[in-house]
Amino acid sequence: MLTHRTPPAADDPSRQPRSDDMGAQRVGELLRPGDDILECAPDTPLYEAAALMRQRKCSSIVVVHDGQPLGIWTERDALRIDFSRPQALGVAIREVMSAPVRSISPGAEISTASERFRTEHIRHLLVVDDMGIMSGIISQTDIVRHQGLEHYLNFRTVGSILHGETERLDYDTPLSEAARRMRETRTDAVLVSLADDSWGILTERDLVHLIAERSENAIVGELATRPIFTVDANTSLYRVRSLMNERQIRHVGVVNGGGVINLLSFADLLSGLELAYVDQLRQALGERDQALAVSQRNLRLTEKVIENSLEGVLITDSEGIIEQVNPAFTRLTGYAPEEAIGKRPSLLSSGRHDEAFYGAMWESIKRFGHWQGEIWNRRRNGEIYPELLTITTIAGDDGKVEHYAALFSDISELKKTEQQIRHLAYYDPLTDLPNRRLFYDRLSMAIAHAHRHGQSLAVMFVDLDRFKNINDTLGHNVGDGLLEQVAQRLRRCLREGDTVARTGGDEFLILLPEVPHYDEAMNAAQRIIDGLTRPLHAAGRELVLTCSIGIAFYPEDGDNQDTLIKNADIAMYRAKEHGRNTYRLFTNTMDEQAQRRLRLETGLRQALEQNQIQVCLQPLVDAVSNRTVGAEALARWHHPEWGLIRPDEFIALAEETGQIQAIGQRVLELVVHHLARGGCVPIAVNLSPAQFADPNLLGSICNSLEHAGVAPGQLGLEITESVLMADAENHASLLEAVREKGIHVSIDDFGTGYSSLAYLRRFPLDYLKIDRSFVEELTDSADARAVVSATINLAHELRLKVVGEGVETPEQAACLREMGCDVLQGNLFGPPVTPEEFNRLHLPAAD
């Protein structure tokens, strides 16, 4: 018989618990150096093995043959002995041992051992290393003792872990029967009823001792240990364990008031502890597994984000050697991972940045832990591109830099967008000409240069004539196409160093630097006028544009940007006043006139609000009878301070400022109001281009007539030839609708536009008015007489009546009557007067 490394019994109080981290503890840590395993040979009699266990205070003995464990015999195995047969106590231990021996590696986690105790229903595990050498034995109790559960013992009572009743035996129960009952009930101790109504106790260890003594099958009353040490059911488990350790006992009786009600064994105590331990262990392991799962999930998520990121990612070690790149790195740089890993990021260097740039970059990284900025790098194919780069340091737990992470994106498109935005900030998006901002910058530099060298420069303000009519009649798409063509022609008319800018709508500014003589600016203006008068093509149409140009010179007309542009603008308006399609140089007189124009523009807004716009009527007389057959309504502006403002001053201004439609509506309302009073001839109202382009024109007129109770035949509409011809097809439909309502229509200023007489047949007209410019020349020009005569004859062929306007002399009237003109109009028959005065002078019957 040989003994090696025998550990103390599982219930030895000398083995104190330790408070190690149960998640990290290994089985080998529970074995103490110097402990031996209790061994015996297979042929060892059972009673000798039991004696060894009693001597060494061990709860188990390992059966060994040739250094190999064959089985194990424990205190629990003693319950299988038949004490009714004395010879059973002397059998070889191999016949009653448990085999095979369950073993575990010293490197296994304690949680693994605990789970095996629970699922395999065993109490001992033989610890065997990788070489097959036995290191020791651990028990269920060893596991529990080393988990530091004193807090559990403090807050739990004895009564809280008692389950059911302890097995009770009569005094004269045979020992063999007691062993059988203990085996069947899987208990390690029973209560024995004594003769004096007290209780004794019989345990597994008692059975081992009886086997060692080769006791016969006596009755349990003679073998039971007495008296029983007892505690109250409310005693804390911690107190009970301390008492059991102090008294070297393994069982206590639990009392509740009177006698003993139950037994509490050290095994019960440890079983309760094991349950708490297992719960705690499972909770800790669950928390660990959950934390690990979260960590793994976050790691996978991070890897996915990096892998699928549109931005390139590059990670280097602390020495700047590339360790990892993502797919976006390859897509952006052209370098495959195997071409970049192991190299330095300098393989991407473009060569555009000097050492000072990189020095400042690394200074920021060392000082702040990061750097961000724009940098130029080179792709694998040699292409240089801009990127937004962020470099961040990654430090370990000790604070030392372990890695550098670089995140970058290609900002080539962003740079292009920025360039486009800058272009839009300084150039007109339609014509690609410089805009007002860029023009001001260039003009400022040109003025500074001219001042420094004592030179002159010119600023030209170019405005297209009646361009609004094109937008209103043909649409803005056609207008935009014309503006693009105008921009190209303006460029061709200027020198290389000159600047032409579009400042809005149909207005252009031109800078002519270094102009030594006025003639150069005037010649440039004339080239522009000539260039624009050549026909332009848009939407299948051939159109002719004219322009008005104003010119101001530095330093004579101004020494700063605003003054020069303002004075060029004033000169441009003077060009419009002189018939358009021409240019004018700025003079001080123009400035005075511009100030008056500004006052008129302001006053015109007030005139509409204060009803200063009134209507005068001029008679239309029958050429044969001289009887008044109608009247033309003419707008007049009566200012309370300035008096009567001439129509040629405010009508053109109203058209330019967009107030002409409101004035036209005001005139129409006054005429309808006058007609509603009765006793008046039909009155014709002039329509502006803006009114004629209004889709609600006819509906508005009809509503006014109906509301006032005026017959449509009492109202006439006059449209100029140029407006009518701007969109012949649509205007013909509109005039047809007007005629169907009973309103008569006249074409005014005939002969001044660009149409032919053949167009007249396309329009539903009532009257044709010969322009006053032809009437003025009737008595002096045979050509004028021929034109007027032909016009009258053609109009009559088309069943139109003809009105000759601007008749000032009897000779003109006689000439028109001789040619067959139907109606005459002019100061010869009466100037424009108020409606009341008109009725008094020209309609006596109305008084």
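Described in the following lines is the structure provided in the data block. (Residues numbered from 1 in each chain as written. Predicted model: local features only at pLDDT ≥ 70, side-chain atom pairs only at ≥ 80, totals over all residues. Heavy atoms only, no water.)

## Notes on helix 2 (residues 110-120)
As a reminder, the rule being used: Relative accessibility under 20% of the residue-type maximum defines a buried residue, over 50% an exposed one, and the middle range a partly exposed one, all with a 1.4 Å probe and only protein chains included. Secondary structure follows DSSP: runs of H or I at least 4 residues long count as helices, runs of E at least 2 residues long count as strands, and numbering of each begins at the N terminus. By arc we mean the arc of the directions from the helix axis to the C-beta atoms, nothing more.
Within helix 2, the full set of buried residues consists of Ile110, Ser111, Ala113, Ser114 and Phe117. Down the axis of helix 2, the sector holding all buried residues measures 165 degrees, keeping them to one side. Two residues or fewer after helix 2 comes histidine 121, characterised by a positive phi angle close to 55 degrees.

## Observations regarding the pairing of strand 10 (residues 189-193)
How we decide: Two strands pair if DSSP finds at least two bridges between them. When the strands point away from the viewer and the connection leading from the first strand across the helix to the second strand turns clockwise, the crossover is called right-handed.
In terms of burial, strand 10 is largely enclosed, as four of its five residues are buried. Where strand 9 (residues 168-169) and strand 10 come together, two bridges link them in parallel fashion. Opposite leucine 169, over in strand 10, you have valine 192 as the bridge partner. After leaving strand 9, the chain enters helix 5 (residues 175-185) and then returns to the sheet as strand 10, a path that is right-handed. The pairing of strand 10 with strand 11 (residues 199-203) spans five bridges and is antiparallel. In the strand pairing of strand 11, leucine 191 is matched with isoleucine 201. With antiparallel pairing between neighbouring strands as the criterion, strand 10 and strand 11 make up a hairpin whose turn holds five residues, including aspartate 197 at a positive phi of roughly 65 degrees.

## Some points on the nonpolar core
Applicable threshold: Grouping buried Ala, Val, Leu, Ile, Met, Phe, Trp, Tyr and Cys residues that are joined through side-chain atoms within 4.5 Å yields what is termed a nonpolar core. Contact between two residues is taken to exist if any of their heavy atoms lie within 4.5 Å; hydrogens are not considered.
Core analysis: the largest hydrophobic core is formed by 69 residues, its most contacted members being Val671, Ile719 and Leu824. If you tally residues by element for this core, the top one is helix 21 (residues 660-676), at seven residues. Leave out the neighbours within four places in its chain, and valine 671 touches Val615, Ala633, Ile683, Val685 and Leu715. One finds Ile61, Ala88, Met97 and Leu194 within the second-largest nonpolar core, a separate group that totals 37 residues.

## With respect to the packing of aromatic side chains
Formally: Ring pairs shown here join Phe, Tyr and Trp side chains whose ring centres sit within 6.5 Å, with only the six-membered ring taken for Trp; geometry is labelled stacked below 30 degrees between planes, edge-to-face above 60, and tilted in between.
Taken as a whole and assessed by the stated rule, the structure comprises seven aromatic pairs. A centroid spacing of 5.4 Å and a plane angle of 85 degrees characterise the contact between tryptophan 362 and tyrosine 404, whose relative ring orientation is edge-to-face. Taken together, the residues tryptophan 362 in helix 12 (residues 355-368) and tyrosine 404 in strand 19 (residues 401-410) connect sequence positions 42 residues apart. Overall, the relative accessible area of 35% leaves tryptophan 362 in the partly exposed class. Take tyrosine 404: its relative accessible area is 16%, and that puts it in the buried class. Aromatic pair tryptophan 637 and phenylalanine 650: ring centres 5.8 Å apart, planes at 85 degrees, arrangement edge-to-face. Separated by 13 residues along the polypeptide, tryptophan 637 in strand 28 (residues 628-639) and phenylalanine 650 in helix 20 (residues 647-657) bring together distant segments of the chain. Across the pair, phenylalanine 650 and tryptophan 637 agree in class, each one buried. One aromatic cluster is present, built from ring pairs that chain together Phe357, Tyr358 and Trp371.

## Some points on the state of the cysteines
Applicable threshold: Cysteine sulfurs are considered disulfide-paired once they come within 2.5 Å of each other.
Tallying each qualifying case throughout the model produces zero disulfides. With no disulfide of its own, cysteine 547 lies closest to cysteine 493 among cysteine sulfurs, the gap being 9.1 Å. Cysteine 815 provides the cysteine sulfur closest to cysteine 821, a residue in no disulfide bond, and the two sulfurs are 10.0 Å apart.

## Some points on the sheet that holds strand 15 (residues 312-317)
The cut-off we apply is this: In this description, a line fitted to the C-alpha atoms serves as the axis of each element, helices being fitted only across the stretch in contact, and the angle between N-to-C directions of two axes falls anywhere from 0 to 180 degrees.
The five strands lie next to each other as 16-15-19-18-17, forming an open sheet whose pairing is antiparallel. At either end of the open sheet lies a strand with only one pairing partner, and these are strand 16 (322-325) and strand 17 (370-378). Between one strand axis and the next, the sheet turns through 25 degrees on average, direction left out of account. Lying over the sheet, helix 12 contacts strand 17, strand 18 (384-395) and strand 19, oriented at roughly 150 degrees with respect to strand 17.

## Side note on the side chain of asparagine 326
For clarity, the threshold we go by: Here a polar contact is taken to be a pair of N or O atoms separated by no more than 3.5 Å, where protein atoms must pair a possible hydrogen donor with a possible acceptor and residues adjacent in sequence count only if both atoms sit in side chains.
Tracing the backbone through its elements, the reader meets asparagine 326 in the loop between strand 16 and helix 10 (327-333). A distance of 3.1 Å separates a polar side-chain atom of asparagine 326 from the backbone oxygen of glutamate 311. The contact partners of asparagine 326, leaving out residues within four places of it in the chain, are Ile306, Ser309, Glu311, Gly312 and Val313.

## A closer look at the packing of helix 15 (residues 467-474) against helix 16 (residues 476-493)
In plain terms, the rule: By the definition adopted for this analysis, an angle is roughly parallel if under 35 degrees, roughly antiparallel if over 145, roughly perpendicular if from 65 to 115, and oblique otherwise. When residues are grouped by polarity, Ala, Val, Leu, Ile, Met, Phe, Trp, Tyr, Cys and Pro land in nonpolar, Asp, Glu, Lys and Arg in charged, and all others, Gly among them, in polar.
Packing of helix 15 against helix 16 brings their axes to within 7 Å, and their N-to-C directions diverge by 140 degrees. With respect to each other, helix 15 and helix 16 are oriented oblique. Within the contact between the two elements, helix 15 uses Phe467, Ile470, Asn471 and Leu474 and helix 16 uses His476, Val478, Gly479, Leu482 and Leu483. Each residue belonging to the contact of helix 15 with helix 16 can be placed in one class, and the counts come to six nonpolar, three polar and no charged.

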